[in-house]
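Letter by letter, the chains look like this.
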Amino acid sequence: QLSVLRKNPFFSGPNWAVANDWFHIMLRWSTSFSLLFLLTAWTVNILFFALIYKWFDESDPKVECGLGEVDSPISFNAAFAFSLETCTTVGYGLPNSTNGFFEPNCGVLQVMIYFQMVCSMMSNAFLFAFFFARLGRCDQRGVQVLFSNKAIIEKRNGKWMIHFRVYDMDSSQPLVEASTRMYCASWKDYTKQKDDEIQPQLLQTMRILHPNDEFGAALFTSIPTTVTHHIDAYSPVAPAHIRKGANVVHGHGLCLREVDDLTESRTGVTCPVCGEAYGTLENLKKHVHYNKLLEEATEELPVEGSHCDPNIFMSENTESPELTMRHIKDNLVDKEIICVVEAIEPTISGTFQALQSYRADDIEFGGKFAPCMSQNDGKVYVDMDKFHQIVLPSEESQRFYIDKES
């Protein structure tokens with residue numbers, strides 16, 4: 001849904017892209033327009049040399065070089081036929097059926113025929129390369145990559161997740177090195193960045209939990225796969241006050257994720273007293289509690305500046321603000337989540353991308369994707385009628401949400 005167009009080009013003269021990347025621009029033309037353009041260019045080339053041959057024969061009617069007879073210059077129709085014959089090299093003979101082409105005083109005609117032959121050879125090479133590249137391009141291969149019509153946001157084990165499902169309908173030829181990426185576009189954040197005089201970024205990267213983006217977010221698209229993003233303190237889907245209120249390390253321009261803290265892959269929360277860093281808030285609480293006991297047992301140690309100082313270590317240092325469905329819904333109003341699947345088509349080894357975007361109206365809260373695969377006689381079947389289906393949770397479900405939640 002995010003369409004990018006250009007205005008105010010760099011150059012007011014000839015278009016810069018046409019001058020520097022004309023071949024790839026031509027590859028993006030429609031087939032009918034490409035054929036019409038190339039046929040026109042080929043015809044113009046033949047007409048151009050036909051006019052040159054006619055001009056040459058009329059410039060000195062006394063010299064016979066095989067185009068026309070003495071005092072009878074070649075006609076335009078005959079010049080066009082000779083130019084077409086030279087271009088296509090279907091048989092060869094001068095219109096006047098003489099050997100004037102080989103006469104010493106006909107060197108200009110020889111040069112003209114030489115250049116037309118060179119132009120014909122180069123145009124044939126170009127047409128071969130053009131049609132091979134056009135027939136072999138993979139940009140339309142992405143239409144077979146199917147995305148779910150809706151994305152799902154749910155709360156599982158106290159963590160908010162967003163899911164979408166993807167499947168390659170040409171499953172008999174598995175895609176090579178398929179991977180996925182997610183971005184979040186927000187015009188409100190973009191406008192705010194410009195007002196704050198910082199480097200504006202419309203697209204913000206969303207880290208992927210499954211498949212793990214630390215391993216390249218690799219996909220096997222021959223079966224329906226659910227892609228998951230964790231809406232944590234670093235996620236652009238979470239409101240700004242959640243990111244500011246959470247006691248997590250600053251990204252400093254890097255795109256981080258909380259799951260790495262939770263699995264102790266890195267330290268994400270720090271003690272404001274001693275600077276010791278831990279992966280989870282629970283470990284930070286244990287650290288504070290233990291050091292309080294040690295410091296309280298040491299009477300000479302002042303309270304100020306220690307782990308016992310209430311002015312330094314407040315409750316919010318060990319508590320993360322609660323993220324609710326209302327927070328997420330309000331924050332999604334101006335946002336668009338863009339999903340990209342990139343892969344290599346195995347037949348001709350061409351890279352292509354498939355894109356899908358989700359706005360607030362395209363997202364369901366709660367539920368799960370309906371199982372759409374079955375097995376029979378050793379074969380796996382994908383029910384396309386169930387691919388987009390979402391099974392909503394019941395009221396008794398722990399993942400049932402109501403709009404009144406705040």
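What you are looking at is a predicted structure, and each value in this text was computed from that prediction instead of being measured.

**Q** What exactly am I supposed to notice about the pattern of salt bridges here?
**A** This model, assessed by the stated rule, comprises eleven salt bridges. Across the salt bridge formed by Glu342 and Arg181, the nearest N and O atoms sit 3.4 Å from each other. With Glu342 in strand β9 (residues 335–345) and Arg181 in strand β4 (residues 176–186), the pair connects residues that are 161 residues apart, well separated along the chain. Exposure remark for Arg181: the relative accessible area of 28% places this residue in the partly exposed category.

**Q** Is there a simple way to think about the nonpolar core in this case?
**A** Grouped burial of nonpolar side chains is what soluble globular proteins tend to show. Counting 35 residues, the largest nonpolar core has Phe147, Ile153, Phe164, Ile231, Ile328, Ile337 and Ile363 as its most contacted members. Counting residues per element, the ones that place at least two in this core are β1 (145–147), β2 (151–156), β3 (159–168), β4, α10 (325–331), β9, β10 (350–358) and β11 (363–365). Here Ile231 is in contact with Ile153, Trp160, Met161, Ile162, Val237, Ala238, Leu323 and Ile328, once residues within four sequence places are set aside. Among the nonpolar cores identified, the runner-up in size contains 13 residues, and Ala50, Leu67, Phe82 and Met112 belong to it.

**Q** Even after reading the chapter, I still don't get the side chain of His229, so can you show me in this structure?
**A** Mapped onto the secondary structure, His229 falls in strand β6 (residues 225–230). Within the structure, the side chain of His229 is placed 2.5 Å from the backbone oxygen of Arg207, a separation counted as a polar contact. The contact partners of His229, leaving out residues within four places of it in the chain, are Trp160, Met161, Ile162, Met182, Met206, Arg207, Leu209 and Ser235.

Rules used throughout
- Residues numbered from 1 in each chain as written.
- Predicted model: local features only at pLDDT ≥ 70, side-chain atom pairs only at ≥ 80, totals over all residues.
- Heavy atoms only, no water.
- Salt bridge = Lys/Arg side-chain N within 4 Å of Asp/Glu carboxyl O.
- Helix = DSSP H or I, 4+ residues; strand = E, 2+ residues; numbered from the N terminus.
- Buried < 20%, exposed > 50% of the residue type's maximum accessible area, 1.4 Å probe, protein only.
- Core = buried A, V, L, I, M, F, W, Y, C linked by side-chain atoms within 4.5 Å.
- Contact = heavy atoms within 4.5 Å.
- Polar contact = N/O pair within 3.5 Å; in protein donor to acceptor, adjacent residues only side chain to side chain.

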